[in-house]
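Single-letter residue listing:
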Amino acid sequence: MRLLPMAVRDLDDVIALEDLTHVAPWTKGNFTDSLTAGYWAYCLRELAEGDDEKDPLLAYCVLMPGVDELNLLNITVNPLYRRRGLAERILQTVEDLAISRELFKIFLEVRFSNKQAIGLYEKLGYCQVGIRKEYYPAHDGVREDAKVMMKDLKKE
Ligand SMILES: CC(C)(COP(=O)(O)OP(=O)(O)OC[C@H]1O[C@@H](n2cnc3c(N)ncnc32)[C@H](O)[C@@H]1OP(=O)(O)O)[C@@H](O)C(=O)NCCC(=O)NCCS
């Protein structure tokens, strides 16, 4: 497996996985804007067997750096590869990088209904620090609240 910076050539695969996964998927423009803005964006790919094969996309993430914190905007794992510790490993790599850049807090928002993501964040030591009311669009037009979570990397 390889975790590499996301590039424009990754975006067709990223969008295909994004559309498959999310109720309100990011557009290609959202990803290109993130790359242009210098956000931290990574793709995890499995090394393909043959030279002619394209390396399958396992996961990707996007983080927005702030003055002394990171904001996790997106982390998505291919459904075929979930529950194998990939998200955990990606976030641990990001945390190591954050500490090396002296960014000691990571914030994120997550839907209250997203039990797998909340399970992931709680396992890694993220705590709830707030609620954003009606933050997310939902299927039926009713908006869903976001749980705001944070990890203080100095406490590690
Ligand atoms: C959330 C997501 C990124 C987790 O990716 P993953 O690679 O499957 O997660 P991991 O295998 O690293 O799991 C690490 C921990 O997260 C928790 N977790 C992951 N999937 C879970 C599930 N389906 N139910 C409950 N807990 C879960 C567990 O604590 C797990 O540790 P364990 O396997 O030792 O019990 C993945 O399910 C996903 O892409 N979901 C859709 C996109 C999304 O919701 N992204 C987050 C938006 S805020």
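Read on for a plain summary of the structure.

About the thresholds
- Residues numbered from 1 in each chain as written.
- Predicted model: local features only at pLDDT ≥ 70, side-chain atom pairs only at ≥ 80, totals over all residues.
- Heavy atoms only, no water.
- Pairing = 2+ DSSP bridges.
- Helix = DSSP H or I, 4+ residues; strand = E, 2+ residues; numbered from the N terminus.
- Axes fitted to C-alpha atoms, helices over the stretch in contact; angles between N-to-C directions.
- Contact = heavy atoms within 4.5 Å.
- Near = heavy atom within 4 Å.
- Polar contact = N/O pair within 3.5 Å; in protein donor to acceptor, adjacent residues only side chain to side chain.
- Areas by Shrake-Rupley, 256 points an atom, 1.4 Å probe, with all protein chains shown as cover.
- 1 Å grid on protein atoms, 1.4 Å probe; cavity = no way out; pocket = protein on both sides within 12 Å on 5 of 7 lines; lining within 4 Å.
- Sits in = over half its atoms within 2 Å of the grid points.
- Nonpolar A, V, L, I, M, F, W, Y, C, P; charged D, E, K, R; others polar.
- Expected span 1.5 Å × (residues − 1).
- Disulfide = S-S within 2.5 Å.
- Buried < 20%, exposed > 50% of the residue type's maximum accessible area, 1.4 Å probe, protein only.
- Parallel < 35°, antiparallel > 145°, perpendicular 65-115°, else oblique.
- Left-handed = near helix turned anticlockwise from the far one by under 90°.
- Salt bridge = Lys/Arg side-chain N within 4 Å of Asp/Glu carboxyl O.

## Focus: the sheet that holds strand β5 (residues 105–111)
Inference 1: Ordered by their spatial adjacency, 7 strands build an open sheet running β1-β2-β3-β4-β5-β7-β6, and the pairing between neighbours is mixed. Across the chains shown, the open sheet's two edge strands, defined by having one partner strand only, are β1 (2–5) and β6 (127–136). Here the average twist between neighbouring strands, direction ignored, is 25 degrees.
Inference 2: Sheet topology note: the strand β3 (residues 57–65)/strand β4 (residues 69–77) ladder contains 7 bridges and is antiparallel. Along β4, the bridge assignment pairs Pro65 with Leu70.
Inference 3: Docked against the sheet, helix α3 (residues 86–100) engages β1, β2 (40–45), β3, β4, β5 and β7 (144–152), running at close to 160 degrees with respect to β4.

## So, the site of the ligand
Inference 1: The environment of the ligand is made up of 21 residues, and the closest members are Ile75, Arg83, Gly85, Asn114 and Lys123.
Inference 2: Between the ligand and Gly85 there is a distance of 2.7 Å, counted from an oxygen atom to a backbone nitrogen or oxygen.
Inference 3: Note that an oxygen atom of the ligand is positioned 2.9 Å from one of the backbone N or O atoms of Glu88.
Inference 4: In the complex, 77% of the free accessible area of the ligand, which totals 920 Å², lies under the protein chains.
Inference 5: Given that more than half its atoms are within 2 Å of the pocket grid, the ligand belongs to the largest pocket.
Inference 6: Taken together, the elements giving at least two residues each to the shell around the ligand come down to β4, α3, β5 and α4 (115–123).
Inference 7: Ranked by residue count, the leading element in the shell around the ligand is α4, at 6 residues.
Inference 8: In terms of residue class, the shell around the ligand is made up of 8 nonpolar, 7 polar and 6 charged.

## Observations regarding α3
Inference 1: When the terminal C-alpha atoms of α3 are compared, their 21 Å separation across 15 residues agrees well with the 21 Å that a helix rising 1.5 Å per residue should span.
Inference 2: Phi turns positive, to about 60 degrees, at Glu102, one or two residues after α3.

## Re the state of the cysteines
Inference 1: Within the structure shown, the criterion is met by 0 disulfides.
Inference 2: Here Cys61 stays unpaired: no disulfide links it, and the sulfur of Cys43, its closest cysteine neighbor, is 8.4 Å away.
Inference 3: With relative accessibility at 1%, the residue Cys61 sits in the buried group.

## What about the packing of α3 against α4?
Inference 1: Running from N to C, α3 and α4 cross one another at 45 degrees; their axes reach a closest spacing of 11 Å. In terms of orientation, α3 lies oblique with respect to α4. The two elements α3 and α4 cross, and the hand of that crossing is right-handed. Touching Ala87, Glu88 and Leu91 of α3 are Leu120, Tyr121 and Lys123, all from α4.
Inference 2: Counted by class, the contact of α3 with α4 contains 4 nonpolar, no polar and 2 charged residues.

## As for the pattern of salt bridges
A side chain of one charge can pair with a side chain of the opposite charge if their charged atoms are brought near each other.
Inference 1: Using the criterion set out here, one finds 9 salt bridges in the structure.
Inference 2: For Arg2, the salt bridge goes to Asp55, with nearest N and O atoms at 2.7 Å. Placement of the pair is Arg2 in strand β1 and Asp55 in the loop between β2 and β3, with a sequence separation of 53 residues.
Inference 3: Of the residues examined, Arg2 reaches a relative accessible area of 37% and is grouped as partly exposed.
Inference 4: Taking relative accessible area as the criterion, Asp55 reaches 15% and is therefore assigned buried.
Inference 5: A salt bridge links Asp13 to Arg45, with the nearest nitrogen and oxygen atoms 2.9 Å apart. Of this pair, Asp13 sits in helix α1 (residues 11–21) while Arg45 sits in strand β2; the two residues are 32 residues apart in sequence, bridging distant segments of the chain.
Inference 6: Residue Asp13 is classed as partly exposed on the basis of its relative accessible area, which comes to 23%.
Inference 7: In this structure, a network of salt bridges that share partners links the residues Asp10, Asp13 and Arg45.

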